[in-house]
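Geometric and topological summary
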Amino acid sequence: MHYISTRAPHTPPAERKRFCEILLEGLAPDGGLYLPETYPQVDAATLTRWRGLPYADLAFEILSLYVDDIPADDLRVLCRKTYTEAVFGTAAIVPLKKLEDGLYLEALSNGPTLAFKDMAMQLLGNLFEYELARRGEELNIFGATSGDTGSAAEHAMRGKKGVRVFMTSPDGRMSPFQQAQMFSLLDDNIYNIAITGVFDDCQDLVKAVSGDLEFKRKYKIGTVNSINWARLMAQVVYYFAGYIQATQANSERVSFTVPSGNFGNVCAGHVARMMGLPIDRLVVATNENDVLDEFFRTGVYRVRGTADTHETSSPSMDISKASNFERFVFDLLGRDGARTADLFGAQVPRQGRFDLGADPAFAQAASRYGFASGKSTHQNRLDTIRSTWQKYGVVVDTHTADGLKVAQEHRQAGVPMLVLETALPIKFAATIVEALGREPERPAQFVGIEVLPKKVRVMAPDVQAIKDLIAQACA
Ligand SMILES: *Cc1c(COP(=O)(O)O)cnc(C)c1O
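Here's what I pulled together on the structure shown here.

On to unusual backbone geometry, then. The phi torsion at I93 lies on the positive side, around 65 degrees, for a residue other than glycine. In this structure, I93 sits in the loop between α5 (85–88) and β3 (96–100). I93 gets classed as buried once you look at its relative accessible area, which sits at 2%. Not every positive phi belongs to a glycine, and F263 is a case in point at roughly 70 degrees.

Dropping the structure here:
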């Protein structure tokens, strides 16, 4: 299996890479995102055989189609080490919760940080450790977080050999629970840095440090953001697992509704569908930050400025642009790398938007690729949290509530709708209290985490001071 960039001008493109070459990389050198050269096809006999597999072995089967430069036995061990009941709380790993006939929640948030990012990040931690050991290299992950991503990355990389994590976050702006989740990690290879500033200051630091190419090379600076192909690939597995749990036979179809921000989660659904998984619709659910809903309604992709990006009660979906979206557009345009490069490399940077509304390809987003979309407001989410509790006795978090609200608008008779549960309510307790008048349940292992000892240093947004810290840690 080879990987190409979404901005590669020729077919077949000059630059083709294998999995382990792109594992530790971010963007392709031309600014595009990596995708497999073709999507492996899963036939009915294979899907039937997979029905009986434990999650870790299903993951191995799917990953094997994309990874041919790690020996099969090693890859199987990595999958079994990652997807355990001890780490994910249940033997099913992603159990389906039936709300009523034809409506299910797929639980993706029982990992260490109680959000779906653990599903991919836990695998990434093990893949990084394996590949770095094989190469005899080290990696310093330097990132910025306002919550879920940084915490999932730290929990995945803690104690891993060859990896250090330097994670900046805006000082005092995360919830006490989120702060405790990150700052209570006392591992030597985890560096929590609270920046006296806002999230944008943290992102600017990451840009400045990664933009110093000599420093980046010397100190092996890397990232774990959602454009990493390995993360997306790991997410493909739970679409298969959800389908298998919801159906008896391969003649049945299901739809998924996915609370979306950067389009990473639902892009994995698109890949699963391209592999032949019988998915009817992929419903993209957004909050007030409706970049994606606007595109699927009108064909206009318009990135938002900071002033135009709302702080909402589903903060992990508060995005100004959808960083994985380029992958889908590349497929939608018949894998035309030159056009994709023009849209994302020229039109978006210059005009902040592009418009495919009049392009015949746009209609295919729905007709051929199964996409639909919708959005929710804060009031919609409160109402959904309330009605889900009253009707089914289930408390959902704000992101999942967004998904459920939009899912209701797209249900079809005879097609089960699976809503991806992307976080547990305890992470967003304030809104649960607003909706239900009571605190959400806290899993036993999180009781009292706010008072655990913390390891964090507070620093000014000073590029040189951050570089010095990294250099010292590597000395
Ligand atoms: C990251 C995140 C999302 C959005 O996922 P994307 O892959 O960015 O679309 C939704 N819900 C929660 C809880 C998240 O942490």
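With that settled, consider the packing of aromatic side chains. In this structure the tally under the stated criterion is 29 aromatic pairs. A ring pair is formed by F325 and F344, whose centres lie 6.5 Å apart and whose planes are at 70 degrees; its orientation type is edge-to-face. In this pair, F325 sits in helix α14 (residues 325–332) while F344 sits in helix α15 (residues 337–351), placing the two residues 19 residues apart along the sequence. Classification of F344 by relative accessible area gives buried; the value is 11%. Through successive ring pairs, a cluster of aromatic residues spans F263, F295, F296, Y301, F325, F328, F344, F354, F362, Y369 and F371.

Across all of its chains, the model carries 32 salt bridges by this definition. For E288, the salt bridge goes to R381, with nearest N and O atoms at 3.0 Å. Residue E288 is found in the loop between β10 (279–286) and α13 (291–298), and its partner R381 is found in helix α17 (residues 378–392); the two are separated by 93 residues along the sequence. For R381, a relative accessible area of 0% translates into the label buried. As a salt-bridge pair, R386 and D383 come within 3.5 Å of each other at their nearest N and O atoms. Remark: D383 and R386 occur in helix α17; sequence separation between them is three residues, near one turn of the helix. A relative accessible area of 28% places R386 in the partly exposed class.

Pairing is parallel in the open sheet, where five strands are placed in the order β8-β5-β6-β7-β15. If you trace the sheet from one side to the other, it starts and ends with β8 (221–222) and β15 (457–459), each paired once. Along the sheet, helix α7 (residues 148–157) makes contact with β5 (139–144), β6 (163–170) and β7 (190–195), crossing β6 at roughly 160 degrees. Here helix α20 (residues 463–474) sits on the sheet in contact with β5, β6, β7, β8 and β15, set at roughly 155 degrees to β6.

Before going further, it helps to examine the side chain of E129. Its location among the elements puts E129 in helix α6 (residues 117–135). Apart from the residues lying within four places of it in its own chain, the contact partners of E129 are K81, G159, K160 and K161.

There is about 380 Å³ of room inside the second largest pocket. As for the second largest pocket, its lining consists of 21 residues, of which V87, P112, Q122, H155 and R158 are closest to the centre. For the lining of the second largest pocket, the elements supplying multiple residues, two or more each, are α4 (72–82), α6, α7 and α8 (176–183). Here the residues of the lining of the second largest pocket are counted per class, giving eight nonpolar, ten polar and three charged.

In spatial order, the strands read β3-β4-β14-β9-β10-β13; together these six strands make up an open sheet with mixed pairing. The open sheet has two edge strands, β3 and β13 (371–375), and neither has a second partner. Recorded for the sheet is a direction-independent mean angle of 25 degrees between the axes of neighbouring strands. Looking at chain direction, strand β9 (residues 254–259) and β10 are connected through five bridges and run parallel.

How each quantity is defined
Residues numbered from 1 in each chain as written. Predicted model: local features only at pLDDT ≥ 70, side-chain atom pairs only at ≥ 80, totals over all residues. Heavy atoms only, no water. Helix = DSSP H or I, 4+ residues; strand = E, 2+ residues; numbered from the N terminus. Buried < 20%, exposed > 50% of the residue type's maximum accessible area, 1.4 Å probe, protein only. Phe/Tyr/Trp six-rings, centres within 6.5 Å; stacked < 30°, edge-to-face > 60°. Salt bridge = Lys/Arg side-chain N within 4 Å of Asp/Glu carboxyl O. Pairing = 2+ DSSP bridges. Contact = heavy atoms within 4.5 Å. Axes fitted to C-alpha atoms, helices over the stretch in contact; angles between N-to-C directions. 1 Å grid on protein atoms, 1.4 Å probe; cavity = no way out; pocket = protein on both sides within 12 Å on 5 of 7 lines; lining within 4 Å. Points joined across faces, edges and corners; volume = space filled by probe spheres on them. Nonpolar A, V, L, I, M, F, W, Y, C, P; charged D, E, K, R; others polar.

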